[in-house]
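The residues making up each chain are set out below.
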Amino acid sequence: DVKVTQSSRYLVKRTGEKVFLECVQDMDHENMFWYRQDPGLGLRLIYFSYDVKMKEKGDIPEGYSVSREKKERFSLILESASTNQTSMYLCATLARASGPYEQYFGPGTRLTVT
Amino acid sequence: AQTVTQSQPEMSVQEAETVTLSCTYDTSESDYYLFWYKQPPSRQMILVIRQEAYKQQNATENRFSVNFQKAAKSFSLKISDSQLGDAAMYFCAYRSPPGGSQGNLIFGKGTKLSVKP
């Protein structure tokens, strides 16, 4: 089974803090993704990475950066957290169990910025 | 650019009955994949069913089936014999074939399904 873990289920940070959200996958997959989920907006892609030290902007990269130093770990960084970044953050990896590649998701991190 | 539209923000079904969730999409590609994901209140997103565009046969997974109408760009999900555990957010998603966009998914805004006992 593909396993994707995220470092925290719930996180509360103050405005202006630097925030790290960690995501780890256990199967040496190349592609990893960070999404933000908001009610009524669905999931929106923030950044993705297709290999170590490789990254691409998604649809809403402003205010975020990412780091991929090792293949299994993909970090999302909020350089200076703001209240409008309060949201659910989902990490995913692209893998193939049988049939075509599909995305497997972590449990999510509910971030609150006060 | 591809888009995915789910026109039903909320749906409700009686336990043991059948419900259909709608999804339409827009693309100029001829080959692609479509998915339905389920997100229960515990928040873990899981894949329910997938459809490859080049296959004419509609995908089926136990009580879940799709009605894929390629010309109409429609991809609805039918849940038969609904159970209380089916209550969740359901997301329709589109993906380009391998070699394009690195496997990115484009999601609809979701449909919240409630199941009444």
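Coordinates for the structure precede this section.
The following refers to the structure shown. (Residues numbered from 1 in each chain as written. Chains lettered and ligands numbered in written order. Predicted model: local features only at pLDDT ≥ 70, side-chain atom pairs only at ≥ 80, totals over all residues. Heavy atoms only, no water.)

Details of the interface of chain B and chain A
Contacts between the two partners involve 20 residues from chain B, matched on the other side by 25 residues from chain A. With both chains or domains summed, chain B and chain A bury close to 1900 Å², and 52% of this area falls on carbon and sulfur atoms. At the surface where chain B touches chain A, the tally comes to 1 salt bridge. Between glutamate 102 of chain A and arginine 50 of chain B there is a salt bridge whose closest N-O contact spans 2.2 Å. At the level of elements, strand 5 (33–39), strand 6 (46–52), strand 10 (88–95) and strand 11 (105–107) of chain B are the ones that each hand at least two residues to the side of chain B that touches chain A. With 4 residues, the single largest contributor to the side of chain B that touches chain A is strand 5 of chain B. Each residue belonging to the side of chain B that touches chain A can be placed in one class, and the counts come to 8 nonpolar, 7 polar and 5 charged. (Contact = heavy atoms within 4.5 Å. Buried area = accessible area lost by both parts, 1.4 Å probe. Salt bridge = Lys/Arg side-chain N within 4 Å of Asp/Glu carboxyl O. Helix = DSSP H or I, 4+ residues; strand = E, 2+ residues; numbered from the N terminus. Nonpolar A, V, L, I, M, F, W, Y, C, P; charged D, E, K, R; others polar.)

Some details on the packing of aromatic side chains
Aromatic ring pairs: the centre-centre distance and the angle between the two ring planes describe each pair. Throughout the structure, instances matching the rule amount to 16 aromatic pairs over all chains. Taking 6.2 Å as the distance between ring centres and 90° as the angle between the ring planes, the aromatic pair formed by phenylalanine 91 of chain B and phenylalanine 107 of chain B counts as edge-to-face. Pair noted here: phenylalanine 91 of chain B is in strand 10 and phenylalanine 107 of chain B is in strand 11, with a separation of 16 residues, a long-range link. There is no split in this pair, since phenylalanine 91 of chain B and phenylalanine 107 of chain B are both buried. Among the aromatic residues, those joined into a cluster by ring pairs are Phe33, Tyr35, Phe48 and Phe105 of chain A together with Tyr33, Phe35, Tyr37, Phe91 and Phe107 of chain B. Lying over the aromatic face of phenylalanine 74 of chain A, arginine 68 of chain A brings its terminal NZ or CZ to 5.9 Å of the ring centre. (Phe/Tyr/Trp six-rings, centres within 6.5 Å; stacked < 30°, edge-to-face > 60°. Buried < 20%, exposed > 50% of the residue type's maximum accessible area, 1.4 Å probe, protein only. Lys NZ or Arg CZ within 6 Å of the ring centre and 35° of its normal.)

Regarding the nonpolar core
Residues and elements named next belong to chain B. By size, the foremost hydrophobic cluster in this structure holds 25 residues, and its most contacted members are Tyr25, Trp36, Phe75, Leu77 and Tyr90. Of all the secondary structure elements, the ones that give two or more residues to this core are strand 3 (19–21), strand 5, strand 6, strand 8 (64–69), strand 9 (74–79), strand 10 and strand 12 (111–116). It is strand 10 that contributes the most residues to this core, 4 residues altogether. (Core = buried A, V, L, I, M, F, W, Y, C linked by side-chain atoms within 4.5 Å.)

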